[in-house]
Amino acid sequence: MPSERTSLHQQFASDNYAGVCPEALHWFLQANQSGHQPGYGEDVWTQRSTDMIRELFQTDCDVYFVFNGTAANSLALAAMCQSYHSVICTPYAHVETDECGGPEFFSNGSKLLVAEGESPAAKLGKLTPDAVEALVTRRSDIHYPKPKVVSLTQATELGTLYTVEEVRAIAAIAKRRHLKVHMDGARFANAVAALGCHPSDITWRAGVDVLCFGGTKNGLPVGEAVVFFDRALSEDFAWRVKQAGQLASKMRFISAPWVGMLENDTWLRNARHANAMAQRLYAAIRDLPGVQVLHPPQANSVFVQLPAPVIGQLYARGWKFYQFIAGGGCRLMCAWDTTPEAVDAFAADLAEAAG
Ligand SMILES: *Cc1c(COP(=O)(O)O)cnc(C)c1O
């Protein structure tokens, strides 16, 4: 790896490559300095961060902390489904493509129903009311798993956003068809920052029943919050979390960093920065020869089609990024700590390789 790259220590492969933000680390250390505390979530930090999440969403929701997003999604969906139910999602959904069958496993067999389709929204990784309606009405016989949940990812796996109106429209169909609405919010912060709406407007006020509120990609060391706006769905959820091996013994080290995330809107500041870096990258590479940006970035990632030799040259220069997304597109992901210098260095190397 060339030396300048080593000194930058930054990549565009995943927002998980980034470390812990100072605010989260501060409260992690505060929790460690506060002496002995009860385990398993009975501590003051878990109480405090849970209350802060309730204040943030302006509602009396139930909140559970788990280690990662796969567990958050899998356990939330398991709580919303019986084994004979099904979950509607897109072909790109993380629950479908990247959780190793976790949702099916933890629900004892609930099937994921993937919405096919070539609509503009589908190409942007989004569900539509029509796609949901088509799947719900396709079969109603006893030989087919009964649709029970619509799962939306916000921001989507393709770095696009559902507007408040779009979430409302899908939730309205869901309500009419007696489905619950789950939101995979691994990048919820990036979505709220980009939309400029209140977090409640894009969740429970729009009809979302359960949100998996991601913190890790936005600057936490570890830990996602499962937020139940429909509190009836969280019955016995604590036991589900424990059985799945997701109940942190020293829970305070997951929950205390959330205080730093929520205090003074650090979560939004981090997300706004990551989003801005994606815009900077987009502006720097969109007009380069041979570079085809698949769609304008809306959150913190840029998806581009690059000629194979160009990809090879970037890899040879030590850059890391994924290219497993549909159509062979390369995903360039920005994080809370991505520097303008790293963006500019990548763009310069890309310009040289493409030129
Ligand atoms: C990263 C991510 C998750 C969570 O993944 P973990 O690696 O299990 O934390 C969930 N959904 C989406 C869309 C993601 O990008």
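Residues numbered from 1 in each chain as written. Predicted model: local features only at pLDDT ≥ 70, side-chain atom pairs only at ≥ 80, totals over all residues. Heavy atoms only, no water.

A.B. asks: How would you summarise the confidence of the model for the protein chain if you had to cite specific residues and measurements?
C.D. replies: Of the residues in the protein chain, 97% have a pLDDT of 70 or more, and the chain-wide mean is 95. Across the protein chain, the element-wise mean pLDDT spans from 48 in helix α1 (residues 3-8) up to 99 in strand β6 (residues 210-213). (pLDDT = per-residue confidence, 0-100. Helix = DSSP H or I, 4+ residues; strand = E, 2+ residues; numbered from the N terminus.)

A.B. asks: Report on the site of the ligand, specifying residues and quantitative values.
C.D. replies: Neighbouring the ligand are N68, G69, T70, N73, H94, E99, T153, E157, D184, A186, R187 and K217. K217 is positioned with one of its side-chain polar atoms (N or O) 2.6 Å from an oxygen atom of the ligand. Computed on the free molecule, the ligand has an accessible area of 390 Å², of which 82% lies beneath the protein chains in the complex. Ranked by residues supplied to the shell around the ligand, first place goes to helix α4 (residues 69-80) with three residues. (Near = heavy atom within 4 Å. Polar contact = N/O pair within 3.5 Å; in protein donor to acceptor, adjacent residues only side chain to side chain. Areas by Shrake-Rupley, 256 points an atom, 1.4 Å probe, with all protein chains shown as cover.)

A.B. asks: Describe the domain arrangement of the protein chain, with residues and values.
C.D. replies: Domain annotation for the protein chain reports domain 1 (4-19 + 267-354) and domain 2 (22-264). Here domain 1 and domain 2 have C-alpha centroids that lie 27 Å from each other. Domain 1 puts 23 residues into the contact, and the matching count from domain 2 is 27 residues. Taken together, both faces of the contact between domain 1 and domain 2 bury some 2,100 Å²; the carbon and sulfur share is 55%. Of all residues in domain 1, the largest losses of buried area upon contact with domain 2 belong to W267, H295 and Q298, amounting jointly to 35% of the total for that side. There are two salt bridges connecting domain 1 and domain 2. Here R269 makes a salt bridge to E23, at a shortest N to O gap of 2.9 Å. Viewed at the interface, domain 2 and domain 1 are joined by twelve residue pairs in polar contact (both at pLDDT 80 or more). Looking at the side of domain 1 that touches domain 2, the elements with two or more residues in it are α13 (266-285), β9 (301-305) and β11 (329-333). Per-element tally for the side of domain 1 that touches domain 2: the top contributor is α13, with eight residues. When grouped by side-chain class, the residues that make up the side of domain 1 that touches domain 2 number eleven nonpolar, eight polar and four charged. (Domains from an automatic or database assignment. Contact = heavy atoms within 4.5 Å. Buried area = accessible area lost by both parts, 1.4 Å probe. Salt bridge = Lys/Arg side-chain N within 4 Å of Asp/Glu carboxyl O. Nonpolar A, V, L, I, M, F, W, Y, C, P; charged D, E, K, R; others polar.)

A.B. asks: Describe in detail the nonpolar core, supporting the description with residues and values.
C.D. replies: Counting 62 residues, the largest nonpolar core has F213 and W267 as the members making the most contacts within it. The element contributing the most residues to this core is helix α12 (residues 252-262), with seven residues. Counting only domains with at least three residues in this core, you end up with domain 1 (4-19 + 267-354) and domain 2 (22-264). Ranked by size, the runner-up nonpolar core spans 26 residues in total, among them V302, L306, I311 and A353. (Core = buried A, V, L, I, M, F, W, Y, C linked by side-chain atoms within 4.5 Å. Buried < 20%, exposed > 50% of the residue type's maximum accessible area, 1.4 Å probe, protein only.)

A.B. asks: Give me the lowdown on α12, citing residues and values where you can.
C.D. replies: With eleven of its eleven residues buried, α12 lies for the most part within the structure. Of all the positions in α12, only R252, F253, I254, S255, A256, P257, W258, V259, G260, M261 and L262 are classed as buried. If you follow the buried residues of α12, they end up packed against α2 (22-33), α3 (44-57), β1 (62-66), β6, β7 (224-228) and α13. At the exit of α12 stands N264, carrying a positive phi of roughly 55 degrees.

A.B. asks: So what about α13? Which residues, and what values?
C.D. replies: The first and last C-alpha atoms of α13 sit 29 Å apart over 20 residues, in line with the 28 Å expected at 1.5 Å per residue. For α13, every residue scored as buried is listed here: T266, W267, L268, N270, A271, A274, N275, M277, A278, L281, Y282 and I285. (Expected span 1.5 Å × (residues − 1).)

A.B. asks: With reference to specific residues and values, describe the sheet that holds β9.
C.D. replies: Spatial strand order, β8-β9-β11-β10: four strands in an open sheet with antiparallel pairing. The open sheet has two edge strands, β8 (292-295) and β10 (322-325), and neither has a second partner. Averaged over all pairs of adjacent strands, the angle between their axes in this sheet comes to 45 degrees, without regard to strand direction. Bridge count between β8 and β9: three bridges; the pairing is antiparallel. Bridge pairing in β9 links V293 to V304. Running at roughly 25 degrees to β9, α13 makes contact with β8, β9 and β11 of the sheet. (Pairing = 2+ DSSP bridges. Axes fitted to C-alpha atoms, helices over the stretch in contact; angles between N-to-C directions.)

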